[in-house]
Amino acid sequence: MSHDPNCLFCKISQGLIPSQKVYEDEEIYAFKDINPAAPVHFLMIPKKHIPMLASVESIDAPLLGRMMELAPRLAKEQGCRPGQDGGFRLMVNNGADGGQEVYHLHLHVMGGPRPWKK
């Protein structure tokens, strides 16, 4: 599995920088956002260093599928209400114009009262 020794999220997934872990398996690490934009806000990252969504290759499709399948379960476990009256938001920033600040692919999972409606 590839890692970038200078990448903040690679260091977090390897346990070199502390985080509030939400989930971990052999390919995916999830942790609470340090500057949450919603009552529930965590990040899901592949342990493999993928700089951004535009860098994804076809070999990464199963990993991304697992992340999308896992997101609803983790959102519910973290306190998001299930069903049509509840829910959560998924967001991926891609590149500078897309608001990406850390160049390691990450999926924001946000839920609870909708601060983005302001």
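A brief structural summary. Owing to the predicted nature of the structure, the values given are computational and were not obtained by experimental measurement.

A word on the overall build of the protein chain
Phase 1 of the analysis: The number of helices and strands found in the protein chain is 2 helices and 5 strands.
Phase 2 of the analysis: Shown N-terminal to C-terminal, the secondary structure of the protein chain runs as helices and strands in the order α-β-β-β-α-β-β.
Phase 3 of the analysis: Dimensions along the principal axes, computed over C-alpha positions, put the protein chain at roughly 40 × 30 × 30 Å.
Phase 4 of the analysis: Across the 118 residues in the protein chain, those meeting the buried criterion constitute 37%.
Phase 5 of the analysis: Considering only intrachain contacts with a sequence separation of at least 6, the fraction spanning at least 24 residues in the protein chain is 53%.
Phase 6 of the analysis: Approximately 7,000 Å² of the protein chain is accessible, and the part contributed by carbon and sulfur atoms is 52%.
Phase 7 of the analysis: Averaging the coordinates of the 13 positive side-chain charges in the protein chain and doing the same for the 13 negative ones gives two points 9 Å apart.

Side note on a nonpolar patch on the surface
Phase 1 of the analysis: Among the surface-exposed residues, Met 68, Phe 88 and Leu 90 lie close enough to one another that they form a single nonpolar patch of about 250 Å² accessible area.
Phase 2 of the analysis: Relative to the helices and strands, Leu 90 is located in strand E4 (residues 88–91).
Phase 3 of the analysis: Taking relative accessible area as the criterion, Leu 90 reaches 31% and is therefore assigned partly exposed.

Some details on the pattern of salt bridges
Phase 1 of the analysis: Scanning the entire structure with this criterion turns up 6 salt bridges.
Phase 2 of the analysis: Among the salt bridges present, the one from Glu 24 reaches Lys 21, with a minimum N-O distance of 3.1 Å.
Phase 3 of the analysis: You can call Glu 24 partly exposed: its relative accessible area is 36%.
Phase 4 of the analysis: Across the pair Arg 73 and Glu 77 runs a salt bridge whose closest N-O atoms are separated by 3.3 Å. Placement of the pair is Arg 73 and Glu 77 together in helix H2 (residues 61–77), with a separation of 4 residues, close to one helical turn.
Phase 5 of the analysis: We classify Arg 73 as partly exposed; its relative accessible area is 44%.
Phase 6 of the analysis: One salt-bridge network, held together by shared partners, links Lys 21, Glu 24 and Lys 47.

Conventions and cut-offs
- Residues numbered from 1 in each chain as written.
- Predicted model: local features only at pLDDT ≥ 70, side-chain atom pairs only at ≥ 80, totals over all residues.
- Heavy atoms only, no water.
- Helix = DSSP H or I, 4+ residues; strand = E, 2+ residues; numbered from the N terminus.
- Buried < 20%, exposed > 50% of the residue type's maximum accessible area, 1.4 Å probe, protein only.
- Contact = heavy atoms within 4.5 Å.
- Areas by Shrake-Rupley, 256 points an atom, 1.4 Å probe, with all protein chains shown as cover.
- Lys, Arg positive; Asp, Glu negative; His and termini not counted.
- Charge placed at Lys NZ, Arg CZ, Asp CG, Glu CD.
- Patch = residues over 30% accessible without salt bridge, like charges linked within 9 Å, V, L, I, M, F, W, Y side chains within 5 Å.
- Salt bridge = Lys/Arg side-chain N within 4 Å of Asp/Glu carboxyl O.

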